[in-house]
Amino acid sequence: DLVQRMEVLGVLPYFSGFTGVVMMRLDTLRTWYGRPGSTILEIDFAPGANPTDAVRALAAPDELHVYTGAQALDAVSASVRQGTGLINAISWIVVAVAGVALLNTLMLSVFERRRELGVLRAAGSSRRFTVTMILAEAAGIGLLGGAVGLAVGAATQWLAASALTRMVGVDVVYEPTLSMFVIACGATLLSLFGALPPAQRAARLNIVEAVSVD
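Everything quoted here is computed from the prediction, not taken from an experiment. (Residues numbered from 1 in each chain as written. Predicted model: local features only at pLDDT ≥ 70, side-chain atom pairs only at ≥ 80, totals over all residues. Heavy atoms only, no water.)

Quick look at the overall build of the protein
(1) Moving on: Scanning the protein for helices and strands turns up seven helices and zero strands.
(2) Moving on: Its helices and strands taken in sequence order, the protein reads α-α-α-α-α-α-α from the N to the C terminus.
(3) Moving on: Within the protein, the fraction of its 214 residues that count as buried is 17%.
(4) Moving on: Of the contacts made within the protein by residues no fewer than 6 positions apart, 67% connect residues no fewer than 24 positions apart.
(5) Moving on: Carbon and sulfur atoms make up 65% of the accessible area of the protein, which totals about 16,400 Å². (Helix = DSSP H or I, 4+ residues; strand = E, 2+ residues; numbered from the N terminus. Buried < 20%, exposed > 50% of the residue type's maximum accessible area, 1.4 Å probe, protein only. Contact = heavy atoms within 4.5 Å. Areas by Shrake-Rupley, 256 points an atom, 1.4 Å probe, with all protein chains shown as cover.)

So this is what it looks like as structure tokens:
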């Protein structure tokens, strides 16, 4: 095999994906690899020049796909927006499923503890105390779930940013934002809203029927 040697002029932080990117002169590429052309040409123009018309004048329209840096940025941004929209939609679906699951869990908890709740009511506890007890249980679930989710999410994002930095050659910095804590508080509020129907059901239990449950 023929070994070619060349001087490395510099290493740039360039979006390289998984395989890396090597930039060289076009004539060198054609000589070493026997390629008649190149995959991508990046050209800088003087201010005020029309890059699209200038490049198309060099070859037939069906041989080159010409786009400016602004058009490339718009294309990438559109893909990112689509991906973000899909992730947000999935997140809201997960939130809805979690709310229904919490509602069912608390409903079952009230149903299985009817005798206990009936004894408390018979001992003199008020309906307000019963509602407060169910809501406190839901708040505990929400606080614990929000704290665990916040910690796991922050750690996952930090690891993902570090991996992307090493993988693509671009510094991806992870910075915690206020929205993280807002979402964690939202988890607690969701738990409280999901606990309202079970709490009202527990407060309306008939004492005699609840105590007589086996």
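Some points on helix H3 (residues 69–112)
(1) Moving on: End to end, H3 covers 64 Å across 44 residues, agreeing with the expected 64 Å (1.5 Å per residue, within 8%).
(2) Moving on: Those residues of H3 that sit buried are Gly99, Leu102, Leu106, Ser109 and Val110. (Expected span 1.5 Å × (residues − 1).)

Remarks on a nonpolar patch on the surface
(1) Moving on: A cluster of nonpolar side chains, namely Leu86, Ile90 and Val94, defines an oily patch on the protein surface of about 280 Å² accessible area.
(2) Moving on: Tracing the sequence through the fold places Leu86 in helix H3.
(3) Moving on: Overall, Leu86 belongs to the exposed group, its relative accessible area being 54%. (Patch = residues over 30% accessible without salt bridge, like charges linked within 9 Å, V, L, I, M, F, W, Y side chains within 5 Å. Salt bridge = Lys/Arg side-chain N within 4 Å of Asp/Glu carboxyl O.)

Considerations on the packing of H3 against helix H6 (residues 178–203)
(1) Moving on: Contact pair H3 / H6: the axes reach a minimum separation of 9 Å and the direction vectors enclose 30°. It follows that H3 is roughly parallel to H6 by the angle criterion. At the point where H3 passes H6, the crossing takes the right-handed sense. Within the contact between the two elements, H3 uses Val95, Gly99, Leu102, Leu103, Leu106, Met107 and Val110 and H6 uses Leu190, Ser191, Gly194, Ala195, Pro197, Pro198, Arg201 and Ala202.
(2) Moving on: Of the residues that constitute the contact of H3 with H6, the class distribution is eleven nonpolar, three polar and one charged. (Axes fitted to C-alpha atoms, helices over the stretch in contact; angles between N-to-C directions. Parallel < 35°, antiparallel > 145°, perpendicular 65-115°, else oblique. Left-handed = near helix turned anticlockwise from the far one by under 90°. Nonpolar A, V, L, I, M, F, W, Y, C, P; charged D, E, K, R; others polar.)

A look at H6
(1) Moving on: Here H6 spans 37 Å end to end across 26 residues, near enough to the 38 Å set by a 1.5 Å rise per residue.
(2) Moving on: Residues of H6 that are buried: Met180, Ala184, Thr188, Ser191, Gly194, Ala195, Pro198, Ala199, Ala202 and Ala203.

Side note on the side chain of Thr130
(1) Moving on: Here Thr130 shows up in helix H5 (residues 127–168).
(2) Moving on: Relative accessible area serves as the criterion here: at 1%, Thr130 is assigned to the buried category.
(3) Moving on: Setting aside its immediate chain neighbours within four residues, Thr130 contacts Leu117, Arg121, Ser125, Ala202 and Ala203.

Overview of the nonpolar core
(1) Moving on: Ranked by size, the top nonpolar core spans six residues in total: Val110, Leu117, Ile134, Ala199, Ala202 and Leu205.
(2) Moving on: With near-sequence residues (within four places) excluded, Ile134 lies in contact with Val110, Arg113, Ala195, Pro198, Ala199 and Ala202. (Core = buried A, V, L, I, M, F, W, Y, C linked by side-chain atoms within 4.5 Å.)

Remarks on the environment of Glu209
(1) Moving on: Relative to the elements of secondary structure, Glu209 occurs in helix H7 (residues 207–211).
(2) Moving on: It is 8.4 Å that separates the C-alpha atoms of Glu209 and Arg115, two residues lying 94 residues apart in sequence.

Function cannot be inferred from these measures alone, as they are strictly geometric.
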